[in-house]
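The residues making up each chain are set out below.
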Amino acid sequence: MSLKCGIVGLPNVGKSTLFNCVSSGKAQSANFPFCTIEPNLGSTNVPDKRLERLAEMCEPKSVVPATVDIVDIAGLVKGASKGEGLGNQFLANIRETDAILHVLRCFDDGNVVHVDGSVDPVRDKEVVDLELQIKDLETVESRLAKSMKQATTGGDKNARKLVNLLLRYKEALLQGKSCRTVSLINEEEAALAKDLYLLTNKPVMYICNVDDASAVNGNAYVDAVREAVADEDAEILVISAKTESEIAEMDSYEDRQMFLEEMGLSESGVVRLIQGAYHLLGLQTFFTAGADECRAWTIHKGDKAPKAAGVIHTDFEKGFIRAEVIKYDDYVSLGGESAARAAGKLATEGKEYVVQDGDIMHFLFNV
């Protein structure tokens, strides 16, 4: 499933440092604007303690975790929507992603230059938002002119619905709001919205990059960001890229855990970031477990059993008969598939079953 999150923000806010921590890719990280020019793509495993527990129980020949793709995109500056800096390239790269990880600088450091000369994460957020909104307004106005013509001359019902949606998007954008703030009426309208590929309609997580001392509780900069995004449907993650880069260089698990404890953290910010990116994309996990392999499979939230079967192999979906499902908690507490089956905790589900996060599944099919 080739879905990806794009790491965006102004130059020198810590994007590439974070990318290097979370991804198998290695982006250049340096103290000057546009250090990143070409987008860097890396795929990283999604940490999941449930898969670790299943592997302990089954002792399989192989363990395959879920993955998420992360893209490090060049820094944006004012005027990007008009081609300033690497604007056109930047906006095109964002359009190709499915969700946005917006990094905001929330730390003071005289040795790291800021493109605008001072630290103000709310201002930085508004710079990026404005450029994306300007580009979306161009898209909306272009589509609106075409759709209005279709609705009035051709009597196209779908065109009328699209016009209604576009007018609401236009109103929001003219007010300086992102398209994600516009409420959608139904699934049909959601499908129309998806086909517009608007930049500010993508789900977003704001990553507040703080100094070491603020990694646990945040700081005044983080508080200002929280207040600024209170009306948005967005998540906030507080993380110290500097701390995470130090953790990433440690060889042993024990050293990393000891370092986290000394910092007052229960788990790495990178773990929370990766898991957050996975859920930001609207993804969830089901498992297959056995002596040969324990594997985490990625599907969209709301997918039904045949769709999940198709992730394993297209023939499984085409010839789907039924699915055998054990809830993760039952599987673990009872000690495996045989015990769960004997206890009546194995359910047989048909084509309409909506797969739940953590389900352990076995599919029966006939092609």
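First, a word on scope: everything that follows refers to the structure included in this document. No experiment lies behind these values; they were computed from the predicted model shown. (Residues numbered from 1 in each chain as written. Predicted model: local features only at pLDDT ≥ 70, side-chain atom pairs only at ≥ 80, totals over all residues. Heavy atoms only, no water.)

Now for helix 1 (residues 15-22). In terms of burial, helix 1 is largely enclosed, as seven of its eight residues are buried. Along helix 1, the residues classified as buried are Lys15, Ser16, Leu18, Phe19, Asn20, Cys21 and Val22. (Buried < 20%, exposed > 50% of the residue type's maximum accessible area, 1.4 Å probe, protein only. Helix = DSSP H or I, 4+ residues; strand = E, 2+ residues; numbered from the N terminus.)

This structure, assessed with the given rule, holds 20 salt bridges. Notably, a salt bridge pairs Glu56 with Arg53, separated by 3.4 Å at the nearest N-O pair. Here Glu56 pairs with Arg53, and both are found in helix 2 (residues 49-58), just three residues apart, close to one helical turn. Taking the shortest distance from any N to any O, the salt bridge between Arg180 and Glu232 comes out at 3.4 Å. Note that Arg180 is positioned in the loop between helix 5 (157-174) and helix 6 (187-194) and Glu232 in the loop between helix 7 (220-228) and strand 7 (234-239), a separation of 52 residues in sequence. Under the relative-accessibility criterion, Arg180 is labelled buried at 14%. (Salt bridge = Lys/Arg side-chain N within 4 Å of Asp/Glu carboxyl O.)

Attention now goes to the packing of aromatic side chains. The tally for this structure, following the rule as stated, stands at four aromatic pairs. On the numbers, 6.4 Å between centres and 15° between planes, the contact of Phe286 with Trp297 is stacked. Of this pair, Phe286 sits in strand 8 (residues 283-289) while Trp297 sits in strand 9 (residues 293-300), placing them eleven residues apart in sequence. A residue is classified by how much of its surface remains accessible, and Phe286, at 0% relative accessible area, is buried. Centroid distance Phe286 to Phe363: 5.9 Å. Interplanar angle 85°. Geometry classified as edge-to-face. In this pair, Phe286 sits in strand 8 while Phe363 sits in strand 12 (residues 360-365), placing the two residues 77 residues apart along the sequence. (Phe/Tyr/Trp six-rings, centres within 6.5 Å; stacked < 30°, edge-to-face > 60°.)

As a further point, take the nonpolar core. One finds Ile70, Leu101, Ile207 and Leu273 to be the most contacted residues of the largest nonpolar core, which totals 61 residues. Apart from residues no more than four positions distant in its own chain, Leu101 is found in contact with Cys5, Gly6, Ile7, Val8, Ile70, Met205, Ile207, Leu273, Ala277 and Leu280. Among the nonpolar cores identified, the runner-up in size contains 18 residues, and Leu137, Leu166, Leu192 and Leu196 belong to it. (Core = buried A, V, L, I, M, F, W, Y, C linked by side-chain atoms within 4.5 Å. Contact = heavy atoms within 4.5 Å.)

Turning to the environment of Asp48, a few remarks are in order. Considering the arrangement of structural elements, one finds Asp48 in the loop between strand 2 (40-45) and helix 2. Sequence-distant contacts of Asp48, that is, excluding residues within four places in its chain, are made with Thr285 and Phe287.

With that out of the way, let us pick up the pairing of strand 4 (residues 67-72). As paired strands, strand 1 (residues 4-8) and strand 4 are joined by four bridges and run parallel to one another. Opposite Lys4, over in strand 4, you have Asp69 as the bridge partner. As judged from the six bridges shared by strand 2 and strand 4, these two strands associate in the antiparallel manner. Across the sheet, the residue bridging to Asn40 is Asp72, located in strand 4. (Pairing = 2+ DSSP bridges.)

We now examine the packing of helix 1 against helix 10 (residues 269-280). Direction vectors running N to C along helix 1 and helix 10 enclose 90°, while the axes themselves pass 10 Å from each other. One way to sum up the angle between helix 1 and helix 10 is to call them roughly perpendicular. Where helix 1 abuts helix 10, its residues Leu18, Cys21 and Val22 lie against Val270, Leu273 and Ile274. Within the contact of helix 1 with helix 10, the residues separate by chemical class into six nonpolar, no polar and no charged. (Axes fitted to C-alpha atoms, helices over the stretch in contact; angles between N-to-C directions. Parallel < 35°, antiparallel > 145°, perpendicular 65-115°, else oblique. Nonpolar A, V, L, I, M, F, W, Y, C, P; charged D, E, K, R; others polar.)

Take the pairing of strand 5 (residues 99-105) next. Within strand 5, seven of the seven residues are buried, leaving the element largely enclosed by the surrounding structure. Neither face of strand 5 is left uncovered, since the one carrying Ala99, Leu101, Val103 and Arg105 and the one carrying Ile100, His102 and Leu104 both have all their residues buried. Here strand 1 runs beside strand 5; their pairing, made up of four bridges, is parallel. Within strand 5, the residue paired with Gly6 across the bridge is Ile100. Here strand 5 pairs with strand 6 (residues 204-209) via six bridges, running parallel. Note on strand 6: the bridge partner recorded for Val103 is Ile207.

Judged by pairing direction, the sheet is mixed, and its six strands sit side by side in the order 2-4-1-5-6-7 without closing on themselves. Each of the sheet's edge strands pairs with one partner strand only, and the pair in question is strand 2 and strand 7. Across this sheet, the average inter-strand angle for adjacent strands is 25°, counted without regard to direction. Its contacts with the sheet place helix 10 against strand 1, strand 2, strand 4, strand 5, strand 6 and strand 7, and it is angled at close to 165° to strand 7.

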